[in-house]
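Survey of secondary and tertiary structure
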Amino acid sequence: MTALMALAGIFSFTRLPIEAFPDVTNTNIIIISQWPGRSAQEIERFVTIPIETEMNIVPKKNTLRSVSLFGLSVVTLIFDDGVTPFEAMTEVSSRLANSDIPDEVVPEIQAPSGPTGEIYRYSLQSKTKDVRELKTIQDWIIDKQLKSVEGVADVVSFGGKVKSFEVILDPHLLAQYNFTAINVYNALKNSNINVGGNVIKSGSEAFVVRGIGLVKNVEDISNIIIENINRVPIKIANVAVVRESYLPQIGIVGLDSLDDIVEGIVLMRKGENPGKVLPDLKKKVKELNELILPDDVKMKVFYDRSTLNKYTLHTVGENVITGITLVTLILFIFLANWRITIIVAIVIPLSLLFAIILMYLKGMRANLLSIGAIDFGIIIDGAVVMTEGIFVVLAHKAYQLGFDKFKKRGKLSWVIQTATEMGKSIFTSKLIIIAALLPIFSFEKVEGKLFSPLAYTIGFALLGAMIISLTLIPMLSYYLIPKDVTEKENFIIKNLLKVYTPLITKTIKHPKRTLIISGAILALALFTFRFVGSEFLPHLNEGSIYVRATMPMSVSLEESYYYTKTFRSIFKEFPEVRGVMSQTGRPNDGTDPTGFFNIEFFVDLYPENEWKRVISKDEIIDAISQRLSRYPGIIFNFSQPIQDNVEEAVSGVKGAIAIKVLGQDLNLLEKSADKVYDVIKNIEGIKDLGVFRNIGQPELKITLDLSKLALYNISTQDCQAALEMAVGGKSISKVFEEEKKFDMVVRYDEEYRYSEKKIANIMVPTLDNVSRIPLKQLADITSETGPAFIYREGNQRFIAIKFSVRGRDLGSTIKEAQEKVNKVLHLPKGYKVVWKGEFENQQRALKRLEFVVPISIFIIFLILYMSFGDVKDSFLILMNVPFSIIGGIFALYITGIHFSISAGVGFIALFGVSVQGGVILVNTFKRNLKEGMELEQAVKEGATRRLRPVVMTALMASLGLLPAAISTGIGSETQKPLAVVVIGGLISSTILDMLNVPSFFNLIYRRKKS
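Let me begin by describing the structure that accompanies this report. (Residues numbered from 1 in each chain as written. Predicted model: local features only at pLDDT ≥ 70, side-chain atom pairs only at ≥ 80, totals over all residues. Heavy atoms only, no water.)

**Examining the overall build of the chain**
Of the regular secondary structure elements, the chain holds 35 helices and 32 strands. A principal-axis box enclosing the C-alpha atoms of the chain has dimensions of 130 × 80 × 55 Å. Across the 1010 residues of the chain, 56% fall into the buried class. Taking the contacts inside the chain whose residues are at least 6 apart along the sequence as the reference set, 80% of them involve residues at least 24 apart. Per element, the accessible surface of the chain, about 43,800 Å² overall, is 57% carbon and sulfur. (Helix = DSSP H or I, 4+ residues; strand = E, 2+ residues; numbered from the N terminus. Buried < 20%, exposed > 50% of the residue type's maximum accessible area, 1.4 Å probe, protein only. Contact = heavy atoms within 4.5 Å. Areas by Shrake-Rupley, 256 points an atom, 1.4 Å probe, with all protein chains shown as cover.)

**Quick look at the environment of T128**
Tracing the backbone shows T128 in the loop between strand 6 (118-125) and helix 4 (131-147). By relative accessible area, which is 60% here, T128 ends up exposed. As a C-alpha pair, T128 and V297 span 169 residues in sequence and 8.5 Å in three-dimensional space. Once you skip the residues sitting within four places of it in the chain, T128 turns out to touch E133 and D296.

**A look at the side chain of S560**
Structurally, S560 is set in helix 21 (residues 557-572). Under the relative-accessibility criterion, S560 is labelled buried at 0%. If we ignore the near neighbours within four places in the chain, the residues touching S560 are M551, V555, T584, F596 and I599.

**Overview of the packing of aromatic side chains**
Scanning the model with the defined rule gives 26 aromatic pairs in all. Centroid distance Y562 to Y563: 5.4 Å. Interplanar angle 85°. Geometry classified as edge-to-face. When its relative accessible area of 23% is taken as the criterion, Y563 is described as partly exposed. A ring pair is formed by Y563 and F567, whose centres lie 6.1 Å apart and whose planes are at 35°; its orientation type is tilted. You can see Y563 and its partner F567 sitting in helix 21, 4 residues apart, about one turn around the helix. The exposure class assigned to F567 is buried, which follows from its relative accessible area of 0%. Among the aromatic residues, ring-to-ring pairing joins Y562, Y563, F567, F571, F601, Y631 and F636 into one connected group. (Phe/Tyr/Trp six-rings, centres within 6.5 Å; stacked < 30°, edge-to-face > 60°.)

**A word on the environment of L169**
Residue position: L169 is located in strand 8 (residues 163-169). Here L169 falls in the buried class, since its relative accessible area comes to 0%. Counting along the chain gives 583 residues from L169 to Y752, while the straight-line C-alpha distance between them is 9.3 Å. Those residues in contact with L169 that lie beyond four places of it in its chain are L174, A181, V184, V239, A240, V746, R747, Y748, D749 and Y752.

**Details of helix 26 (residues 716-728)**
Between its terminal C-alpha atoms helix 26 stretches 17 Å, which fits the 18 Å expected from 13 residues at 1.5 Å a residue. Three or more residues of helix 26 are buried, namely C719, A721, A722, L723, M725 and A726. After helix 26 finishes, the residue G729 shows a positive phi value of roughly 85°. (Expected span 1.5 Å × (residues − 1).)

**Things to note about helix 29 (residues 838-868)**
The end-to-end C-alpha distance of helix 29 is 44 Å, a good match for the 45 Å that 31 residues give at a rise of 1.5 Å each. Looking at the residues trailing helix 29, positive phi occurs at G869, about 70°.

**Concerning the pattern of salt bridges**
Applying the stated criterion across every chain yields a total of 45 salt bridges. Where K276 meets D280, a salt bridge forms, and the shortest distance between an N and an O atom there is 3.5 Å. Placement of the pair is K276 and D280 together in helix 9 (residues 274-292), with a separation of 4 residues, close to one helical turn. Using a relative accessible area of 47% as the deciding quantity, one classes K276 as partly exposed. Here the salt bridges share partners, and the residues they tie into one network are R548, D592, E600, D644, E648 and K654. (Salt bridge = Lys/Arg side-chain N within 4 Å of Asp/Glu carboxyl O.)

**With respect to the packing of helix 19 (residues 491-509) against helix 34 (residues 947-966)**
The relative placement of two packed helices is expressed as an angle between their axes plus a distance between the axes. Between helix 19 and helix 34, the shortest axis-to-axis distance is 11 Å and the interhelical angle comes to 110°. Relative to helix 34, helix 19 is oriented roughly perpendicular. As for how helix 19 packs across helix 34, the hand of that crossing is right-handed. Residue-level inspection shows I493, L496, L497 and Y500 of helix 19 in contact with helix 34, the latter providing L947, R948 and V951. Of the residues that constitute the contact of helix 19 with helix 34, the class distribution is 6 nonpolar, no polar and 1 charged. (Axes fitted to C-alpha atoms, helices over the stretch in contact; angles between N-to-C directions. Parallel < 35°, antiparallel > 145°, perpendicular 65-115°, else oblique. Left-handed = near helix turned anticlockwise from the far one by under 90°. Nonpolar A, V, L, I, M, F, W, Y, C, P; charged D, E, K, R; others polar.)

**Things to note about the nonpolar core**
Counting 178 residues, the largest nonpolar core has I380, F451, I680, I801, F803 and L864 as the members making the most contacts within it. Each of domain 3 (336-487) and domain 4 (489-531 + 870-1009) contributes no fewer than three residues to this core. Beyond its immediate sequence surroundings of up to four residues, I801 is in contact with I657, A658, I659, V661, A673, V676, I680, L689, G690 and V691. Ranked by size, the runner-up nonpolar core spans 43 residues in total, among them A181, V184, A240 and F742. (Core = buried A, V, L, I, M, F, W, Y, C linked by side-chain atoms within 4.5 Å. Domains from an automatic or database assignment.)

So, in structure tokens, the structure goes:
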């Protein structure tokens, strides 16, 4: 059976998905709607709000947020735990069809991909082709090839120039022929079509009739006839210049010293296995480079998630192997018997394989926390207790009977009897540890997705270890422990007993003094906890830096990119930086709703072991921040690629923490945000402070006068169409080149539309097409500043103040900020302030712990009561739980690690482990009493006899997590607080366990006896 289980475990391991960092967000659905040329207010009114209204009735969603900006609406729905992407997309798709939005707006639902789905970045490079040609290759060759890879959700193309065919109108030539832009538009629209003529029969064959009228190139477009004047055809070429061009650029990508390149970002579908998707993706990239793309065009990888996976798995593997080695070494030192060491050590791989089987069957995936934070010392302590108990009993029997008589006797009955007695303690202890994990199972959202796999993995491993300890271990002990067994004196235990024996004698005689001293130490620990900072989670070191620069909102793309190049060169000055990829603006597909003011830098670092300077990553960030501080008016934010995506998904803005002021009046929201900014800007620890402004977009507002339109016999539609085509350009149709298709756009030459005066002179036709009226006679033309972005959440507008916390703990920083904001910010009815991001997650998790931990402790009490059948025994053992936190608190304080949810999970694990020693001691005391010993003798003998297994299990549990506690490798950050708390707690728990439990047991049973 054991061999079959091992084979099943190996089989499951080969198919178990492994990832560096779990996707910690719930299913979200993003609806992208583009309506070129429309202002943020129009987008909000005609697109965003109708979609939101329809999405309000979608079930099982917990958040509805949106952003409206020039030409783009992005609506995001976040769903409850347990809702699958398929369920969410089905619901959203069915509701979206009912949205009351303009006909020309076609919403797209983005393929579901979480914030950890960005697994691959590459650039296209060529010595002969320009960025327009490379963009065409990306959009029409590479895109569909990469999307064919199983598990790929989307490929985002950023940078480059999107090819188009432009019809550049000359208004003077139009006036010469008495034409307007509308005449040209109609001619182009009606001349670029194919028709079908059904089927004709010719003899025995049937022919499909096709009328081909599609234009293929610049020449075809130029030859389209607008109108015949006096039997002379006036062609497009007579009033316009037709050329191959590109759509207005809204984003530029740079790489190191290269400017204006094409970047591709591959997104993995939510729930897929990166260990399978990435190899298939790289195989496809190799195929593209070698067989499909033109010879001088190559896809150059910039970011590959498998690199991070490799580093984190190396860290986890190193910690696990070192931990197992240390645990095995402790076993051998304490037991001084290689046979017993092998018996116990075999539990480690078997319990892990058992856990992997259950993880595979449950559809779980392994990650650095769920495997790296397993304490194999805790896993095998049941086997230690079982084997050590059998070994000691056999050694005592051999001593009592003599080796000759002992060898003639069968040892099976002694093994069965001891295994039965020990089995009760082992079963109770393991059950208690599993019960202690219940609060972790209750976590939700981010913390639930991060720590629930850890709880399941530990629970599965404990279950496997318990089954093995109760079945396989007694059998192996029977066969492998020799008949000439002797208990060798252990120098560590011998020296410990010299200290412990007089101590236990004193504590038994003075139980009240023992209780007072223990209580005083506990009070000191609780007082010390006030000086331990708090945070939500320590950040995983991804081996790279993600920097965001926020320019003034009205900046142009060209000016913004000028600074982009400057900042990129500054990053490259640092010797630890391997490469820098910059993104200015946003991609064409609308997947990142931002503007020209937004610049993002992916700063890739060399591995730390290749750094020539002795410097930390935080020190590099501080040095970069110092250099960038020379540029006033620009707000910088420092994060990491995955962390940045997660923060944005959680807070709803591009920042770790966001203060959101919700209401309707954008001007009042702006003033409120300024008050918040001013009051928190000088708080220690607050960094990267900035406001996501709503207002700040310069607008040329053209308000049509309906009475004048009626006077001149001009329709509103014609006036708006003339304005749209002349200034912004209007896409008429598509020009097809085999599988590729490109927009055909008509617009005025830039010479006639670059200023307010030029726009005012645009000619608009009357309905009878007899005369032309300048726009300035039909409308009021004014300049003003309007909304650039309109952010919404929960059907309300909001403005966000974002910041990060560095150099101080999160809890005290937010507490101070909240106190100061509440003093100065007084909002009218209908307005409110909410705090989003890491702080919100921390508060939610702590509230859940406050509710669930007492329930867990009560369940532990019930298990103890069912095991011992005595309330006093149960309370006596449970008394050690508060003492176990002493060492954990002092460990956090000494190491300077903040209390986080990771540390909280460590304390939860301690609750179960700390009870285990008490269970072993109380069972031993009661067995001694049953054998007829006096109370004090039973306690002393039991305490000294159980010193070895209790100390040994505590040492194993501590050393099992020691590598995780001292590791500095990539991926170690999330394990460290948990490991430090468990190690510190085990030290205090073991010492106080061995002193308090005997003392209090003696006190309680002495009174009970009297």
